[in-house]
Amino acid sequence: MDITLWGTRGSLAAPGPETARYGGNTSCVEVRGADGQLLILDAGTGIRPLSATLDPALRRVDILLTHLHMDHIQGLGFFAGLYKPGLEVHVWGPPSTTLHLRDRLARYLSPPLFPVQMRDLPSRLTLHDVPLSDFEIEGMAVRASLVCHPGPTVGYRITENGMAVVYLPDHEPALGARKFPEDAAWTSGFALAEDADLLIHDAQYTPEEYAEHVGWGHSSLPDAVAFAEKVAAKKMVTFHHDPQHDDAILARMVEDARRAAKLPFTLVGGIEGATFAL
Amino acid sequence: MAQQPIELILTRQWASYLVVPVWVMGENGHLVYYNEPAEAVLGRRFDEAGEMLAEELATIFQTTSEDGSRLDSESLPINIALLERRPAHLRLRIRGLDGEWRLVDASAFPIEGQGGRHLGAVAIFWEAEPGGVG
């Protein structure tokens, strides 16, 4: 399984020379199975450059949305696969108690916000409420679970050949906890992330910033590190970088976290374009 | 390790900040949490009592109707919320783990998650006559 980060920024795209190293595109991660299966985690602006790499012979792609905040769907209308006649495009998103996924996505993929309607797309588009359980996509084991973030939001665990990547781009497991991390049973995302070989986790804030954003649905880097240690992840990648954080700030945050304690896992700053092989 | 559903995690965290006694049950009817104000009513800290199975609860927490007559467990608001998946309210007497009987008003509602998942129930209760009823 090969994983590529196409967008690591949170909240809002932040292009420019000051973010050139970590990247400015919003959430999008490619997961490529051993048999060439293509799973795309979130459709932030990073999905546009990913589109340029699509194999012309590709017959199916699955886009797994964690939730429908704009930074996770803004690139969807610019995904080239949607305009390829005959390509099977499956979009999975968290269930809602009120509206079908199609109706919720159509709020964005329709005028006046977007010129093309979903019904006019030439690809074979299928929308799915993601099962809150284990399921399979093209032979790859997928697990989705609701996690702590405002509105229906899931995290994903994808396993192939005994190796697991866990994707929790928007996650605030410390919310309300008297002392974080608490017992595993009472920690949001624990079952999903336990023993992950690669954990891609929200690390938007410094501790000082987090104190002013409690309840916004994101983590400080130290909380993300504590979560990674709790779940015994082997490698953690920081993700959902604050758009106000330039490359120097992000590098310093990671370095500070590495210096703060002897970590029992590898901590990696989430850099756009980075690849990981599992 | 098994993890509680996010809805129960958030319910427990919400309850931990309230001054109103709150009791949280899991889907199988086991008591998974009660907060500090509930500890005063029930007479024991949750950390000491811990999680309890449904069958244990009936023997640990004795209940009667308001006038002291027998109360079927099916009539308890928390059990109505759990088994019938609807809210319920009742004034009843409960004997805490300190051995004291107390008159309480109990309201309960089911925790219904997305996808038709029944995850448990919450009971909120107020001591009607603080200090016990003998």
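That block above? That's the structure.
The structure presented is a predicted model; accordingly, all values stated were derived computationally and were not measured. (Residues numbered from 1 in each chain as written. Chains lettered and ligands numbered in written order. Predicted model: local features only at pLDDT ≥ 70, side-chain atom pairs only at ≥ 80, totals over all residues. Heavy atoms only, no water.)

(A) Fine view of the overall build of chain A. When you go through chain A residue by residue, the secondary structure sums to seven helices and 14 strands. Here the C-alpha atoms of chain A give a radius of gyration of 18 Å, agreeing with the 19 Å that 2.2 N^0.38 yields for 278 residues. Along the longest, intermediate and shortest principal axes, the C-alpha atoms of chain A span 50 × 40 × 35 Å. Per-residue burial over chain A gives 59% buried out of 278 residues. When contacts within chain A are restricted to residue pairs at least 6 apart in sequence, long-range pairs at least 24 apart make up 69% of them. For chain A, the accessible area works out to roughly 11000 Å², and carbon and sulfur atoms hold 53% of it. Here chain A holds 23 positive side-chain charges and 35 negative ones, and the gap between their average locations is 2 Å. (Helix = DSSP H or I, 4+ residues; strand = E, 2+ residues; numbered from the N terminus. Rg over C-alpha atoms; globule rule 2.2 N^0.38 Å. Buried < 20%, exposed > 50% of the residue type's maximum accessible area, 1.4 Å probe, protein only. Contact = heavy atoms within 4.5 Å. Areas by Shrake-Rupley, 256 points an atom, 1.4 Å probe, with all protein chains shown as cover. Lys, Arg positive; Asp, Glu negative; His and termini not counted. Charge placed at Lys NZ, Arg CZ, Asp CG, Glu CD.)

(B) Geometry of the pattern of salt bridges. Going through the model one piece at a time under the given rule, you end up with 21 salt bridges over all chains. Across the pair Glu182 of chain A and Arg12 of chain B runs a salt bridge, and its minimum N-O distance is 3.0 Å. You can see Glu182 of chain A sitting in the loop between strand 10 (163-168) and helix 4 (190-193) and its partner Arg12 of chain B sitting in helix 1 (residues 6-16), one on each of two chains. The class of Glu182 of chain A is buried, set by a relative accessible area of 19%. For Arg12 of chain B, a relative accessible area of 12% corresponds to the buried category. A salt bridge links Arg91 of chain B to Glu66 of chain B, with the nearest nitrogen and oxygen atoms 3.8 Å apart. Taken together, the positions of Arg91 of chain B in strand 4 (residues 88-95) and Glu66 of chain B in the loop between strand 3 (62-65) and helix 5 (77-83) put the pair 25 residues apart, joining distant regions of the chain. For Glu66 of chain B, a relative accessible area of 46% puts it in the partly exposed group. Salt bridges sharing partners connect three or more residues here, namely Arg59, Arg60, Asp62, Glu88 and Glu138 of chain A. (Salt bridge = Lys/Arg side-chain N within 4 Å of Asp/Glu carboxyl O.)

(C) Quick peek at the interface of chain B and chain A. On the side of chain A, 23 residues touch chain B, which itself brings 17 residues to the contact. Together chain B and chain A conceal approximately 1700 Å² of surface at their shared face, both sides included; 56% is due to carbon and sulfur atoms. Across the chain B-chain A interface, the total number found is one salt bridge. Seen at the junction of chain B and chain A, the total is eight residue pairs in polar contact (both at pLDDT 80 or more). (Buried area = accessible area lost by both parts, 1.4 Å probe. Polar contact = N/O pair within 3.5 Å; in protein donor to acceptor, adjacent residues only side chain to side chain.)

(D) A look at the sheet that holds strand 5 (residues 101-113) of chain B. Residue and element names in this part refer to chain B. Taken in spatial order, the six strands make up an open sheet running 2-1-6-5-4-3, and their pairing is antiparallel. The open sheet is flanked by strand 2 (31-34) and strand 3, the only strands paired with a single partner. Going from strand to strand, the sheet's axes swing by 35° on average, the running direction of each strand aside. (Pairing = 2+ DSSP bridges. Axes fitted to C-alpha atoms, helices over the stretch in contact; angles between N-to-C directions.)

(E) Geometry of helix 7 (residues 247-260) of chain A. All names here are of chain A. An ideal rise of 1.5 Å per residue puts 20 Å on 14 residues; helix 7 measures up with 20 Å between its terminal C-alpha atoms. Taken as a whole, helix 7 has its buried residues at Asp247, Leu250, Met253, Val254 and Ala257. One side of helix 7 carries all its buried residues, which in axial view fall inside an arc of 130°. Of the exposed residues in helix 7, those oriented more than 90 degrees away from the buried face are Arg259 and Ala260. Next to the buried residues of helix 7 lie helix 6 (221-230), strand 12 (235-239) and strand 13 (266-268). (Expected span 1.5 Å × (residues − 1). Arc of directions from axis to C-beta.)

(F) Quick peek at the side chain of Thr238 of chain A. Residue and element names in this part refer to chain A. Mapped onto the elements, Thr238 comes out in strand 12. From its side chain, Thr238 meets the backbone nitrogen of Gly270 in a polar contact 2.9 Å long. The residues contacting Thr238, other than those within four sequence positions of it, are His201, Ala203, Leu221, Val254, Leu267, Val268, Gly269 and Gly270.

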